[in-house]
Amino acid sequence: MALATRRTFRLSLTVALSLVCGYAFQLQIPYIVPMFAILLTAKPAPPPSPIKLITLLVGVSGILGVGMLLIPWMEFYPFAAVMVVGLGIFGSFCLSLLKGNEALGHFLATGLVLVTVAGSVSSVISLVVIESMVLGVGFAVLCQWVVYPFFSEDAHLGDEEHRHASPKLTGLWPAMRSTAIVMPTYLVVLTNPGFYLPLALKSIALGQQGSLLEMRNAGRDLLGATILGGILAVLFWWLLGLAVNLWMFFLWALAFLTFFSAKIYGVLKSRFSASFWQSVATTLVILLGAAVMDSENGKDVYQAFATRISLFLVVTAYAWLAVTFLEYMSSKKKPQSDELGSVSC
């Protein structure tokens with residue numbers, strides 16, 4: 001079996017299995033497990049060893065513990081707490097974009113945002129979020145361990161590994177730009193955490209994606225991925241309604257994710273980048289997870305779909321405008337610095 005095909009089946013099967021684990025074990029935020037599985041498995045590499053898993057879980061727990069310490073600040077010193085969260089998010093994007101440690105940076109941003117948002121409602125809810133995140137990472141890696149032996153990497157990856165590796169950026173500007181995308185959404189989420197929580201997860205994904213896009217393709221990729229992810233989420237939900245059970249949820253997820261994975265690894269040709277299709281998959285998972293929770297609470301799922309997709313589009317449009325504006329400001333400063341340099345010479 002070709003390497004790209006193995007990677008396709010490994011990613012789709014790992015994410016589909018993690019989705020089943022999230023719902024079978026009745027986590028409070030079950031759709032966070034397949035989100036973490038996408039993040040950990042999309043990069044072609046063997047799964048973490050047990051020692052690395054323990055290290056990762058300890059690191060995530062430490063990050064979430066810092067978020068817990070900020071909860072009293074959110075009540076008594078909200079401005080200072082928001083500033084600290086902003087610095088933490090900035091640090092997370094430095095890890096993701098500058099150091100190339102995408103997984104740890106994403107966990108840092110997600111942990112700070114979710115724990116402080118949940119803690120603004122109740123410390124009990126924040127503990128539930130911490131439990132869901134730690135178990136989510138564990139289940140995602142466990143699914144990797146189960147699937148990887150069947151669809152393993154080649155012994156010598158060579159140039160292929162470098163081609164799929166996450167690019168490292170230079171300078172602090174990309175991290176600052178990503179922070180500017182996330183922070184306004186974070187403030188909105190604080191006004192109604194129960195309803196806007198998926199919006200926070202989407203904004204973090206946009207923050208990472210927005211800093212890796214070329215400006216001429218930013219609007220098309222950001223908005224296009226959100227729209228396509230929303231449309232496919234509605235189609236997925238309609239197909240799931242034909243037979244509502246966990247096994248059909250797994251099979252439909254496997255089918256959709258196999259298509260996305262084939263696009264990501266080039267098995268199926270696409271004019272869009274791998275990050276575009278990864279964003280589509282992430283959007284679909286978030287919307288489906290929120291829809292399942294709406295259905296359990298007796299809400300109108302399609303009305304909630306429409307509302308969330310509209311909010312996602314607003315946030316995505318803001319991300320596009322923010323990326324474009326900040327890049328424009330950065331490009332204006334460069335000629336000025338060049339002129340000053342020539343004068344000093």
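To be clear, the structure that these remarks concern was listed above.
Note that this is a predicted model, so its numbers are computed, not measured.

A. Geometry of the overall build of the protein. Within the protein, the regular secondary structure consists of 14 helices and zero strands. Sorting the 345 residues of the protein into buried and exposed places 50% on the buried side. Sequence-distant contacts in the protein: of pairs separated by 6 or more residues, those separated by 24 or more amount to 79%. Element-wise, carbon and sulfur atoms account for 68% of the exposed surface of the protein, whose accessible area totals about 16,000 Å².

B. Quick peek at the packing of aromatic side chains. Evaluation of the coordinates by the stated rule reveals 15 aromatic pairs. Consider the rings of Phe9 and Phe151, whose centres lie 5.9 Å apart with planes at 35°: the pair is tilted. Taken together, the residues Phe9 in helix H1 (residues 3–24) and Phe151 in the loop between helix H7 (123–147) and helix H8 (159–164) connect sequence positions 142 residues apart. For Phe9, a relative accessible area of 33% gives the class partly exposed. On the basis of an interplanar angle of 50° and a centroid distance of 5.4 Å, the ring pair of Tyr23 and Phe249 is categorised as tilted. With Tyr23 in helix H1 and Phe249 in helix H12 (residues 246–264), this pair connects stretches of sequence that are 226 residues apart. Its relative accessible area of 6% is what places Phe249 among the buried residues. Clustering of aromatic rings is evident, with ring pairs tying together Phe259, Phe260, Phe272, Phe276 and Trp277.

C. Summary view of the environment of Ala24. With respect to the secondary-structure elements, Ala24 resides in helix H1. Residue class for Ala24 comes out partly exposed when judged on its relative accessible area of 44%. C-alpha of Ala24 to C-alpha of Leu246: the two residues are 222 residues apart in sequence and 8.0 Å apart in space.

D. Local environment of the packing of helix H2 (residues 32–41) against H7. Between H2 and H7, whose axes approach to 8 Å, the crossing angle comes to 50°. Relative to H7, the element H2 is oriented oblique. Relative to H7, the crossing made by H2 is right-handed. Within the contact between the two elements, H2 uses Ile32, Val33, Phe36, Ala37, Leu40 and Thr41 and H7 uses Ser132, Met133, Gly136, Val137, Phe139, Ala140, Val141 and Gln144. Of the residues belonging to the contact of H2 with H7, the class tally is ten nonpolar, four polar and no charged.

E. Structural detail: the pattern of salt bridges. Here the structure, examined in full by the defined rule, presents three salt bridges. Ionic pairing is found between Glu153 and Arg7, a salt bridge with its closest N-O pair at 2.7 Å. Of the two residues, Glu153 sits in the loop between H7 and H8 while Arg7 sits in helix H1, which places them 146 residues apart along the sequence. By relative accessible area, Arg7 is classed as buried at 2%. A salt bridge links Asp294 to Arg308; the nearest nitrogen and oxygen atoms lie 2.4 Å apart. Of the two residues, Asp294 sits in helix H13 (residues 274–296) while Arg308 sits in helix H14 (residues 301–344), which places them 14 residues apart along the sequence. Each member of the pair Asp294 and Arg308 is classed as buried. Salt bridges linked by common partners bring Arg7, Arg10 and Glu153 together as one network.

F. Seen up close, the environment of Phe276. The residue Phe276 is located in helix H13 in this model. Sequence separation between Phe276 and Gly224 is 52 residues, and the spatial gap between their C-alpha atoms is 8.2 Å.

G. Geometry of the environment of Thr191. Structurally, the position occupied by Thr191 is in helix H9 (residues 173–191). Sequence spacing of Thr191 and Ser120 is 71 residues, and the spatial spacing of their C-alpha atoms is 9.5 Å.

H. Highlighting unusual backbone geometry. Not every positive phi belongs to a glycine, and Gln26 is a case in point at roughly 55°. The residue Gln26 is located in the loop between H1 and H2 in this model.

Conventions adopted
Residues numbered from 1 in each chain as written. Predicted model: local features only at pLDDT ≥ 70, side-chain atom pairs only at ≥ 80, totals over all residues. Heavy atoms only, no water. Helix = DSSP H or I, 4+ residues; strand = E, 2+ residues; numbered from the N terminus. Buried < 20%, exposed > 50% of the residue type's maximum accessible area, 1.4 Å probe, protein only. Contact = heavy atoms within 4.5 Å. Areas by Shrake-Rupley, 256 points an atom, 1.4 Å probe, with all protein chains shown as cover. Phe/Tyr/Trp six-rings, centres within 6.5 Å; stacked < 30°, edge-to-face > 60°. Axes fitted to C-alpha atoms, helices over the stretch in contact; angles between N-to-C directions. Parallel < 35°, antiparallel > 145°, perpendicular 65-115°, else oblique. Left-handed = near helix turned anticlockwise from the far one by under 90°. Nonpolar A, V, L, I, M, F, W, Y, C, P; charged D, E, K, R; others polar. Salt bridge = Lys/Arg side-chain N within 4 Å of Asp/Glu carboxyl O.

By themselves, these figures tell us nothing about what the structure is for.
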